[in-house]
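Each chain is listed here by its residues.
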Amino acid sequence: MKTVMILNGPNLNLLGTREPQVYGSQTLADVQALCERACAANGFDLDFRQSNHEGELLDALHEAGRMHAAGTLAGVVLNAGAYTHTSVALHDAIKGTGVCLIELHISNVHAREEFRHHSYISPVAKAVMCGFGVNGYALAVAGLAGMQ
Ligand code: CA2
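These figures come from a predicted structure and were not determined experimentally. (Residues numbered from 1 in each chain as written. Predicted model: local features only at pLDDT ≥ 70, side-chain atom pairs only at ≥ 80, totals over all residues. Heavy atoms only, no water.)

Trainee: Explanation requested: the overall build of the protein chain in the structure shown.
Mentor: Of regular secondary structure, the protein chain possesses five helices and five strands. Against the compact-globule benchmark of 15 Å for 148 residues, the protein chain has a radius of gyration of 14 Å, which places it among compact chains. Each principal axis of the C-alpha atoms in the protein chain carries an extent, and together these give about 40 × 35 × 25 Å. Within the protein chain, the proportion of its 148 residues that are buried is 46%. Contacts spanning at least 24 positions in sequence make up 77% of the contacts within the protein chain whose residues lie at least 6 apart. (Helix = DSSP H or I, 4+ residues; strand = E, 2+ residues; numbered from the N terminus. Rg over C-alpha atoms; globule rule 2.2 N^0.38 Å. Buried < 20%, exposed > 50% of the residue type's maximum accessible area, 1.4 Å probe, protein only. Contact = heavy atoms within 4.5 Å.)

What follows is the structure, encoded as C-alpha cells:
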C-alpha cells in the first residue's frame with residue numbers, strides 16, 4: 001500500500017481557533033481524521049504532518065523524495081501556508097524530486113490580498129487547488145488516486 005504524505009505549513013495548527021469565516025471551524029485534528037478516511041477509502045496509508053518551521057518542511061519533502069524513489073509514495077498534498085508566497089527553498093526542494101505534489105489552499109487565495117496571488121509552489125506542482133475549504137484535502141487524495 002502506497003503512502004500519501006500530507007504536509008501543513010505555518011499557523012495551520014491554529015485551524016478552527018481563529019478566522020472561521022476564512023478557514024472554517026474544523027481543527028487540524030479534524031482535518032487529519034478527514035484525511036484518514038479519504039486515504040482509507042482510496043487504499044492509501046497516511047503520513048500527516050504540520051510544522052511552523054521551513055527547514056522541517058524541507059526535510060519532509062526530502063523524505064518524500066526518498067519514498068518516491070523507493071516506490072512507496074503515492075504523492076504529497078502540500079498546504080505550505082504563507083511559505084507558499086515566499087519560499088524559494090520549498091520550490092527548490094520540490095523541483096526534480098519527481099514527486100507527484102498537489103498544492104492545496106483551504107481558501108481561494110486569488111480572491112484575497114494581492115500578496116497571496118503568487119505561489120512559488122505552483123510551477124513545480126502537478127496540480128493546484130484552492131477554495132474548497134478543508135474538504136479540499138479529501139478531494140486532493142481522490143485526485144492522487146486518479147493519477148496512480
Ligand atoms: O488558504 C490556505 O490554506 C492558506 O494556505 C492558509 C495560509 C495563508 O497564508 C495562505 O495564503 C492560504 C495561512 C494559514 C493560517 O491558518 C490559520 C488558521 C486559523 C487561524 C489562524 C491562521
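Trainee: It is not clear to me how the pattern of salt bridges should be interpreted in this structure. Could you clarify?
Mentor: Working definition: two side chains of opposite charge can pair if their charged atoms are close together. With the rule as written, the count across this model stands at four salt bridges. With its nearest N and O atoms 2.9 Å apart, the salt bridge here joins Asp47 to Arg49. Classification of Arg49 as partly exposed rests on a relative accessible area of 23%. For Arg112, the salt bridge identified is with Glu113, shortest N-O distance 3.9 Å. Given a relative accessible area of 34%, Glu113 falls into the partly exposed group. Among the charged side chains, a network of salt bridges with common partners joins Asp47, Arg49 and Glu63. (Salt bridge = Lys/Arg side-chain N within 4 Å of Asp/Glu carboxyl O.)

Trainee: Could you clarify how one ought to interpret unusual backbone geometry in this entry?
Mentor: A negative phi holds for most residues other than glycine; trans holds for most peptide bonds. Non-glycine residue Asn11 carries a positive phi angle of around 75°. Unlike most non-glycine residues, Glu19 shows phi in positive territory, near 50°. With respect to the helices and strands, the residue Glu19 is situated in the loop between strand 1 (3-8) and helix 1 (20-23). The partly exposed category is assigned to Glu19, whose relative accessible area is 38%.

Trainee: What am I meant to see in the side chain of His91 here?
Mentor: Looking at the element boundaries, His91 is found in helix 4 (residues 88-94). The contact partners of His91, leaving out residues within four places of it in the chain, are Tyr120, Pro123 and Val124.

Trainee: Is there a simple way to explain the site of the ligand in this structure?
Mentor: Neighbouring the ligand are 17 residues, the closest being Asn79, His85, His105, Ile106 and Ser107. Between an oxygen atom of the ligand and a side-chain N or O atom of Asn79, the distance comes to 2.8 Å. Side-chain polar atom of His105 to an oxygen atom of the ligand: 2.9 Å apart, as the coordinates give it. In the complex, the protein chains occlude 96% of the 500 Å² of accessible area that the ligand would expose alone. (Near = heavy atom within 4 Å. Polar contact = N/O pair within 3.5 Å; in protein donor to acceptor, adjacent residues only side chain to side chain. Areas by Shrake-Rupley, 256 points an atom, 1.4 Å probe, with all protein chains shown as cover.)

Trainee: Help me understand the pairing of strand 3 (residues 73-79), please; the structure alone is not making it clear to me.
Mentor: On a regular strand, one side chain projects to one face of the sheet and the next to the other, so that they alternate. Among the seven residues in strand 3, seven count as buried, and that is most of the element. Looking at chain direction, strand 1 and strand 3 are connected through six bridges and run parallel. By the bridge assignment, Val4 is partnered in strand 3 with Gly75. Bridge analysis of strand 3 against strand 4 (residues 101-105) gives three bridges, and the strand direction is parallel. Within the sheet, the bridge partner assigned to Val77 lies in strand 4 and is Ile102. After leaving strand 3, the chain enters helix 4 and then returns to the sheet as strand 4, a path that is right-handed. (Pairing = 2+ DSSP bridges. Right-handed = clockwise from strand over helix to strand, strands pointing away.)

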